[in-house]
Amino acid sequence: MFVGIVVLCAVGVVAAGPYDGIDPATLVLLAVLFVVAESMGTVMGKTGISPSSSASLAAVVLVGPVGAALVDLVSWLLVFRRQSLVKRAFNGAQFAIAAYAAGHTFVALGGDIGVPGRADFPLVVAPFVAALLVHTLVNTLLMGGLMWCLGVIRLQPRRFRWRPLVTLELSSIGYGVLGLLIAAIWGVVGAFAIVLVLLPMFTARWAFDQYIAEQRAHDATLATLCQAVETKDYYTRGHCMRVSKGSGMIARELGMNAERVQTIRYAGMLHDVGKLGVPTKVLQKSGKLTEEEYAAIQLHPMRGYEIVREIGFLDEALAGIMHHHERMDGRGYPMGLAGTDIPEFARIISVADAFDCMTSTRSYRRARSTEEAIAELRRCAGPQFDPKMVDALIAAVDRDGWEAHEAVDPPEDDTAEVAQQDHDDPSVPLRVAGEAER
């Protein structure tokens with residue numbers, strides 16, 4: 001129903017006109033520009049962004065609200081995409097309605113339809129900026145309405161992650177500003193304005209694609225290292241990726257920028273890479289560790305640092321890998337750092353690591369529930385974990401949920417022995433620390 005209403009509104013706007021004074025050649029060229037710009041869209045995660053908003057805003061200035069709506073609607077329906085007809089129709093209608101609203105905003109605030117001349121500047125900037133903001137707002141509301149109807153999002157402002165949406169919309173606004181530039185040079189060079197605009201766009205797209213390819217190569221390399229670690233211990237399958245996910249959740253909750261969030265994710269992926277140097281029989285042992293075996297376990301942060309320290313893009317992640325078993329009270333390892341002397345990344349990974357350990361079945365004990373793990377983190381906040389990081393993880397899990405590791409039954413008759421180990425080992429005063437070691 002929602003899609004149908006949006007499409008009918010867009011078709012009604014286009015059908016109602018009027019089209020007086022609109023140059024058909026300009027209309028067609030703008031539609032071509034829109035199609036080409038839309039084909040240059042880049043997918044980022046589960047969403048994407050394209051420079052097509054610049055063509056849409058240029059149409060607002062050059063051919064007015066109705067012309068801009070027609071450009072957006074027709075070009076979206078004609079462009080070849082691997083999408084269903086319903087998706088393509090909604091996308092076209094969404095852009096058409098946004099362009100129509102932006103066009104009327106532009107006219108209402110004193111903007112003149114047509115090629116802006118030198119005398120129109122800087123007065124034309126104010127109505128154009130208002131039109132750009134309305135275009136972005138209407139697009140966001142229509143897409144948000146669709147996501148709400150599909151059950152993807154709920155109207156819970158305190159739980160909604162606004163930062164990714166704001167970042168995405170700011171990028172779209174940046175593209176939209178180019179619309180005024182297109183309109184301004186249109187009067188000087190005519191249709192050649194398309195070439196002048198598309199060349200830098202294609203160059204920027206190529207450079208961005210290279211960056212995305214490099215990021216994917218980084219992820220694939222680190223994922224391979226994770227798999228190498230996890231092949232040594234069946235019980236830790238997926239642990240590195242879950243710690244990476246949990247560390248990223250904490251970092252986002254703390255308000256870190258996207259680059260640092262990505263780096264902490266890398267650190268989470270590689271935090272146990274030093275276990276490549278720990279004997280497999282120690283990692284998989286179901287009973288209590290000897291002093292020698294425990295000492296071998298304690299060496300894995302330093303070994304991990306030695307393995308990956310030459311990987312340049314890890315940067316701050318190296319400190320997280322080296323010190324993720326330090327404790328706030330100074331009783332951790334490998335260097336016995338305390339409090340804020342422990343690197344921030346290490347304090348984040350420590351919490352994410354322990355949380356996943358407790359909610360996963362291991363060779364020496366069964367998994368705890370999410371609620372039990374959270375209660376244990378609260379109990380150990382202060383002496384072992386940074387309370388700020390614990391609060392951040394709890395808030396993120398409360399908002400986004402946590403997919404517990406699929407249970408793997410440990411060997412029989414080892415639960416009591418491990419429980420005894422957790423409490424009796426003098427080198428591990430808190431039982432959650434003993435779980436994180438293994």
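What counts and what doesn't
- Residues numbered from 1 in each chain as written.
- Predicted model: local features only at pLDDT ≥ 70, side-chain atom pairs only at ≥ 80, totals over all residues.
- Heavy atoms only, no water.
- Axes fitted to C-alpha atoms, helices over the stretch in contact; angles between N-to-C directions.
- Helix = DSSP H or I, 4+ residues; strand = E, 2+ residues; numbered from the N terminus.
- Parallel < 35°, antiparallel > 145°, perpendicular 65-115°, else oblique.
- Left-handed = near helix turned anticlockwise from the far one by under 90°.
- Contact = heavy atoms within 4.5 Å.
- Expected span 1.5 Å × (residues − 1).
- Buried < 20%, exposed > 50% of the residue type's maximum accessible area, 1.4 Å probe, protein only.
- Phe/Tyr/Trp six-rings, centres within 6.5 Å; stacked < 30°, edge-to-face > 60°.
- Lys NZ or Arg CZ within 6 Å of the ring centre and 35° of its normal.
- pLDDT = per-residue confidence, 0-100.
- Salt bridge = Lys/Arg side-chain N within 4 Å of Asp/Glu carboxyl O.

It is worth spelling out the packing of helix α15 (residues 370-380) against helix α16 (residues 387-400) at this point. Running from amino to carboxyl end, α15 crosses α16 at an angle of 160°, the nearest separation of the two axes being 10 Å. With respect to α16, the element α15 is oriented roughly antiparallel. In this structure, the crossing between α15 and α16 has a hand that is left-handed. Contacts from T370, I374, L377 and R378 in α15 reach V390, D391, L393, I394 and V397 in α16.

Turning to helix α14 (residues 344-358), a few remarks are in order. In this model, α14 (15 residues) spans 22 Å end to end at C-alpha, consistent with the 21 Å of a helix rising 1.5 Å per residue. With 14 of 15 residues buried, α14 lies mostly within the body of the structure.

Moving on, we come to the packing of aromatic side chains. If you walk through the whole model with that rule in mind, you get three aromatic pairs. With a centroid separation of 6.2 Å and an interplanar angle of 40°, the aromatic rings of F2 and F90 are classed as tilted. You can see F2 sitting in helix α1 (residues 2-16) and its partner F90 sitting in helix α4 (residues 85-108), a full 88 residues away along the chain. F2 gets classed as partly exposed once you look at its relative accessible area, which sits at 25%. Ring geometry for F355 against W402: centres 5.1 Å apart, planes inclined by 70°, an arrangement best described as edge-to-face. In this pair, F355 sits in helix α14 while W402 sits in the loop between α16 and α17 (415-424), placing the two residues 47 residues apart along the sequence. With respect to class, F355 is no different from W402; both count as buried. We note K245 situated over the ring of W402; from NZ or CZ to the ring centre the distance is 5.4 Å.

The pLDDT averaged across the chain works out to 80; a share of 81% of its residues lies at or above 70. Highest mean pLDDT in the chain belongs to α14 (93); lowest belongs to α17 (34). Within the model, the stretch residues 410-438 combines pLDDT values under 50 with 74 contacts to residues more than four positions away or in other chains.

A full pass over the atoms with the stated rule returns 12 salt bridges. Here E310 ties to R309 by a salt bridge, and the two come within 3.8 Å at their closest N and O atoms. Between R368 and E376 there is a salt bridge, with the nearest N and O atoms lying 3.9 Å from each other. Since its relative accessible area comes to 4%, E376 is described here as buried. Where salt bridges share partners, they join E253, R399 and D400 into one cluster.

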